[in-house]
Structure formats: structure tokens, C-alpha cells
Amino acid sequence: MVEHTNRYGKLFNKQKNNQFQVGNSSYNERIKKLNKLQNAIEVTYREDIKEALHKDLGKPVLETELTEIYAIIGDIKHTKANLHKWMRKQKVSTPASMLGSSSYYKFESKGVCLIISPWNFPFNLTFGPLVSAIAAGNTAIIKPSEMTPASSKLMAKIVKDVFMEDEVALVQGEVETSTELLKLPFNHIFFTGSPAVGKIVMEAASKHLTSVTLELGGKSPTIIDKTANIDKAAKKIIWGKFLNAGQICICPDYILIDEAVKNEFIASCKKWLKSFFAGNPKTSDSYGRIVTNKHFERLKSHLKNAESLNAKFEVGGQTDGNSKYIEPTLISDLQPEATLLEEEIFGPILPIVAYKSLDMAIAYINSKERPLALYVFSKSKSNTNKIIANTRAGGTCINNTIIHYTNHNLPFGGTNNSGIGKSHGFFGFEAFSNKRAVLKQHTFGVTELLFPPYTDFKEKLARFTIKWF
Ligand code: NAD
């Protein structure tokens, strides 16, 4: 066996030596591991998780409960309820021309996997993929984000407490840590992060032809047509946009709205902002903060750019560097070249773009990279169908935002720039599995009748087979 000697080679070798032990683990053994992880998150470390997230992101307790703890626990419960079925051999029919044989495929573990995660939902986006990796019988090395140090430190403690190092290990570090890890010949890499880093990961993976799941980001458009219930749309968009202070891969990045209902929508948004954050998001316990100074400055420069292009600040625009606070901000009348319309925002700023016709809105979306999520607010079935049929996106939610993420029965993931591969529930299990095809010859196989030496009779038999089977 090749010994890998880089900084993480020893750890990698340990997991590699253990891969078949873990890969051939029974349903009960996998359930036991999932139970241990569930207990750690739901009971032992629940309060520590809330504290860490408050330190790193000023995350409100309820948001932590819902978007981190419940998200992982829900995932584990769904996996436990279905794993027996997923692990079963899948029998398939065998053509009559192969009489005497039978076929099935099985989901077998890929082996040693690497999970690289981002900072915006540190626990959810680290342990979520881990649940799928464990369910599929893999070992895993995890590299969480350096941007949320309290969360990463706590996750390292949880992993050490719950798992043996030769099955799951967590390595803390910055870019160079990922770079070193990416040199190793993992059997699968599950990366969640930006499209720019996704390309680096895919390039590194190509050196070993390692399969990848890339959960990336981008700009998720939200279309509101004039048939929509505008007040309900505003309520759901304000919730989806300003949750986690807009630092969500699937939050509505910008609005495309029929110009006839734009003013009504803005008025409703103002009303819901007031109601959600008691008139002052800065002092509200329901509003988070920006993760780092670098991201705070990045968002501030978007605001400056919009200002310099004479955009209209409908609400917000206030910032406070000391607490990395950015007020929920709605901006309209943006020039097409505004950075807010060009780059993924990933913060609490919502551009509103008015359209004259639905066709123009669709053309605008198709002129950009393919989004991770596309939201539609409409009462018109034909408009909704038209939008879905004429665009491509990782996922779509109709008359709501974000919540398609939480249905474990739906695949989650992007397309092209927003990602490769799917996760969640069965789709996550599938991503971490190799579908191995098995054909068993039971009796004399008719295919043997066509073995050399070739004769006229065999040629006739081949023609007969091609015609009739
Ligand atoms: P990021 O790409 O900067 O970092 C993600 C991870 O990659 C981190 O662990 C980081 O340490 C590592 N990394 C950074 N630079 C690297 C490099 N050069 N080589 C190797 N590894 C490197 O992303 P982020 O800022 O942590 O997260 C925000 C991005 O992630 C946004 O684009 C967002 O849309 C996306 N995201 C996607 C999903 C999803 O499920 N699709 C979820 C959350 C966030």
C-alpha cells in the first residue's frame, strides 16, 4: 500500500487502512454512530453550539435551533428511518439474451472522503454531509471554515468525543490546510463554498480523478409577477433574505418584479421589516451580524458603489464597523453595471429590479450564471410554468423562499456555476456511494454460443438475436 507522507498523510493512511471495516459495517453499526452524533448535538453540546454561534455570527438562539440543530437532527432522523431501504441490494431485470444470469446493484462506500465546509451555517453544513458519509459507510476527514473559530473548535471537540480518528477526524486550519489535504487521493470530496474555490477543489480532485460534490453559490433571483399576493410575498422574502443577516447560499439575492406592483411591494417590505425587528434591527435580538471585517468591508463597498451610481435606497444603508452591523437594506433603480447586480451579495442588501415583461425577466436570468435557487411569486400557473420551463436552477420554491432546502425528500444542489451533484437524504447517501453493478452467471450462458471460432451458423444466430432480443 502507498504510504502518504504529507502533513495529513498519516491520518489519511489510518482511515485508508480502516476503509473496508467501516465500509462493510452493518445497518445497526451505522445507526449506532448516527445516534451518538445525534445525542452529542441534541443533548450534550446543544448549549455550547448556541454559544459558539453567537460568538461567531451573533446568531439568534431561535435561528440556531432551527437552522443548525433541527437541520442536523432532522437529517439524522430521516436517514435512520430510511437507511435500511437505501442499503438494500437493488435487483434489476436481465435481458432474455443473457438467459442464465441475474443482476443487481448495490450502494457500497466510496472509501476515504474529504468534507470541506463554509462558515455561514458551520454545524449544519459540516455535520449534514457527515451524516450522509456515515450512512454510506465511509471514513471522513473534515476541514471546517477558519472564519468561525468558536464553531470550528467546538466541532473538533464533538468529533473527537464521538468518533475514532480512523473513522472521522476534523482538521482545523486555513487555505493551506485545504491545499495540503487536497493533494491526497481521496475517494470522494464534498465541498461547500464559493464557485471560485469550487474550481480549485475540482482541479485538485482531477489529479486523482476523485469524484466531487460541489455545493456552491451565486445569485438566486426572485421573480414577482403582478398576479402575486404582494404582501405575503414581501413577508416571506424579508424573512428569507434577512435570516442569518443575508449570509445564506439560497437567500433571494435580488428581486425581479413587474413594474406595476413595485411600489406596493416596497411598502409591504418596509412594514414587515419594522414588524420583524421592532423598528430597530441594531438592537433587535432577532437580527445577526456579518461574520468578519473583510466581509463587512466587502458589503460596505457594494453600498458605496450603489450610491455612486445614484441608486435609490428605499430602506437602510446604515452600517457600524464596531459590531459588524449592516442594516437590512433595500435598493432600487440600480444601473445594470452595479456590483450588487454582478456579484453574489451574501449579506443583508436586497436589490429590486423592475421588469416590463416576464420575457424580459426570464432573458435577464438566462444572461447570468445558473442559480442555486430561483423563487417565483405568482398566482398564475401559466406564468409559473413558463418561468420553470425556460430557466435552469438547482431548485425552485413557489410562493415561498428557502424552505425547499428543509424537505429531505428533495435533492439539494446547484447546476454548473452553482454546483455539481446533489445532497440531502437519499441523494446525499447516493453522493457518498459507489453504485456497484453485479451480474451473476448461474447456468450455461447463451452468450457462449457466440464465442469463437465464428461460423455461418453463429453469424445467423447473432443476426437473429439482434432482431428478436
Ligand atoms: P469559501 O469558498 O471561501 O470557503 C469554503 C471552504 O473552503 C472553507 O473551509 C475555506 O477554508 C476553504 N478554502 C478557501 N479558499 C480555499 C482555497 N484557495 N483552496 C482550498 N480551500 C479553500 O466559501 P465561504 O466564504 O466559506 O462561504 C460562502 C460561499 O459558500 C458562498 O458563495 C455561498 O453561496 C456558498 N455556500 C454554498 C452552500 C450550498 O449548500 N450550496 C452553502 C453555504 C454556502
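Keep in mind that this is a model prediction, so the values were computed, not measured.

Quick notes on the rules
Residues numbered from 1 in each chain as written. Predicted model: local features only at pLDDT ≥ 70, side-chain atom pairs only at ≥ 80, totals over all residues. Heavy atoms only, no water. Buried < 20%, exposed > 50% of the residue type's maximum accessible area, 1.4 Å probe, protein only. Helix = DSSP H or I, 4+ residues; strand = E, 2+ residues; numbered from the N terminus. Arc of directions from axis to C-beta. Contact = heavy atoms within 4.5 Å. Pairing = 2+ DSSP bridges. Axes fitted to C-alpha atoms, helices over the stretch in contact; angles between N-to-C directions. Polar contact = N/O pair within 3.5 Å; in protein donor to acceptor, adjacent residues only side chain to side chain. Domains from an automatic or database assignment. Buried area = accessible area lost by both parts, 1.4 Å probe. Salt bridge = Lys/Arg side-chain N within 4 Å of Asp/Glu carboxyl O. Near = heavy atom within 4 Å. Areas by Shrake-Rupley, 256 points an atom, 1.4 Å probe, with all protein chains shown as cover. Expected span 1.5 Å × (residues − 1). Parallel < 35°, antiparallel > 145°, perpendicular 65-115°, else oblique. Nonpolar A, V, L, I, M, F, W, Y, C, P; charged D, E, K, R; others polar. Phe/Tyr/Trp six-rings, centres within 6.5 Å; stacked < 30°, edge-to-face > 60°. Lys NZ or Arg CZ within 6 Å of the ring centre and 35° of its normal.

Engineer: Explain helix H13 (residues 358-366) to me, please; I cannot follow it from the model alone.
Structural biologist: At 3.6 residues per turn, the α-helix brings residues three or four places apart onto the same side. Buried residues of H13: Leu 358, Ala 361, Ile 362 and Ile 365, and no others. What you see down the axis of H13 is that its buried residues fit within an arc of 95°, all on one side. The secondary structure elements touched by the buried residues of H13 are strand E8 (221-224), strand E9 (254-258), strand E14 (349-355), strand E15 (373-377) and helix H14 (381-389).

Engineer: In this structure, what is going on with the sheet that holds strand E18 (residues 433-441)? I would like to understand it.
Structural biologist: Pairing between sheet strands relies on hydrogen bonds along the backbone, with the strands arranged either parallel or antiparallel. Taken in spatial order, the 3 strands make up an open sheet running E1-E2-E18, and their pairing is antiparallel. The open sheet has two free edges, formed respectively by strand E1 (90-92) and E18, since each of these has just one partner strand. Neighbour-to-neighbour, the strand axes of this sheet turn through a mean angle of 25°, independent of strand direction. Of the strand pairs in this sheet, strand E2 (residues 101-109) and E18 are connected by 9 bridges, and their pairing is antiparallel. What sits directly across from Tyr 105, in E18, is Ala 437.

Engineer: How do you make sense of the side chain of Ser 101 when you look at a structure like this?
Structural biologist: Along the chain, Ser 101 falls in strand E2. Look at Ser 101 and you get buried, because its relative accessible area is 13%. Among the polar contacts made by the side chain of Ser 101, one reaches the main-chain carbonyl oxygen of Met 98 at a distance of 2.6 Å. Sequence-distant contacts of Ser 101, that is, excluding residues within four places in its chain, are made with Thr 94, Leu 439, Lys 440, Gln 441 and His 442.

Engineer: It is not clear to me how the domain arrangement of the protein should be interpreted in this structure. Could you clarify?
Structural biologist: Interfaces are frequently sized by the accessible area removed from exposure as the parts join. You can read the domains of the protein as domain 1 (9-216 + 420-435) and domain 2 (221-413). Each of domain 1 and domain 2 has a C-alpha centre, and the two are 30 Å apart. Of the residues lining the interface, 26 residues belong to domain 1; the matching set on domain 2 comes to 23 residues. Both faces combined, the contact of domain 1 with domain 2 buries some 2,100 Å², and carbon together with sulfur accounts for 57% of it. A per-residue breakdown of the area domain 1 buries against domain 2 is headed by Glu 63, Trp 119 and His 424, which together make up 26% of the total. Inspection of the domain 1/domain 2 interface yields 0 salt bridges. The tally of links between domain 1 and domain 2 comes to 9 residue pairs in polar contact (both at pLDDT 80 or more). Counting only elements with at least two residues in the side of domain 1 that touches domain 2, the list comes to helix H3 (46-57), helix H4 (61-87), helix H5 (124-135) and helix H15 (425-431). Among the elements that line the side of domain 1 that touches domain 2, the one with the most residues is H4, at 6 residues.

Engineer: It is not clear to me how the site of the ligand should be interpreted in this structure. Could you clarify?
Structural biologist: Residues in contact with the ligand amount to 28 residues; listed here are only the nearest, Lys 143, Glu 146, Ser 194, Leu 216 and Glu 344. Between the ligand and Gly 193, the relevant distance is 3.2 Å, taken from an oxygen atom to a main-chain nitrogen or oxygen of the residue. Alone, the ligand offers 840 Å² of accessible surface; in the complex the protein occludes 91% of this. Within the residue set of the shell around the ligand, elements represented by two or more residues are helix H7 (175-181), strand E6 (188-192) and helix H8 (195-206).

Engineer: I would appreciate a short explanation of helix H2 (residues 27-44) in the present structure.
Structural biologist: Given a rise of 1.5 Å per residue, 18 residues ought to cover 26 Å, and the 24 Å separating the end C-alpha atoms of H2 matches this to within 8%. For H2, every residue scored as buried is listed here: Arg 30, Ile 31, Lys 33, Leu 34, Leu 37, Gln 38, Ala 40 and Ile 41. Its buried side turned inward, H2 meets helix H1 (9-23), H3, H4, H5 and helix H6 (149-162).

Engineer: Would you mind showing me how to read the packing of H2 against H3 here?
Structural biologist: The relative placement of two packed helices comes down to the angle between their axes together with the axis-to-axis distance. Packing of H2 against H3 leaves a shortest axis separation of 5 Å and a crossing angle of 70°. For the element pair H2 / H3, the angle class is roughly perpendicular. Residues Ala 40, Ile 41, Glu 42, Val 43 and Thr 44 of H2 touch H3, and the partners they reach there are Arg 46, Asp 48 and Ile 49. Classifying every residue of the contact of H2 with H3 by side-chain character gives 4 nonpolar, 1 polar and 3 charged.

Engineer: Explanation requested: the packing of aromatic side chains in the structure shown.
Structural biologist: Geometrically, a pair of aromatic rings is defined through the distance of the ring centres and the angle of the planes. Taken as a whole and assessed by the stated rule, the structure comprises 18 aromatic pairs. Seen in terms of ring centroids, Trp 86 and Phe 426 are 6.0 Å apart; in terms of plane orientation they differ by 65°. Their pairing is edge-to-face. With Trp 86 in helix H4 and Phe 426 in helix H15, the pair connects residues that are 340 residues apart, well separated along the chain. On the accessibility criterion, Trp 86 (6% relative accessible area) is buried. Between Phe 107 and Phe 429 the ring centres are 5.5 Å apart and the planes differ by 55°, which places this aromatic pair in the tilted class. Here Phe 107, found in strand E2, pairs with Phe 429, found in helix H15; they are 322 residues apart in sequence, far enough to count as distant. Note on Phe 107: relative accessible area 10%, which makes it buried. Clustering of aromatic rings is evident, with ring pairs tying together Trp 86, Tyr 105, Phe 107, Phe 426, Phe 427 and Phe 429. The side chain of Lys 89 reaches across the aromatic face of Tyr 104, ending 4.6 Å from its centre.

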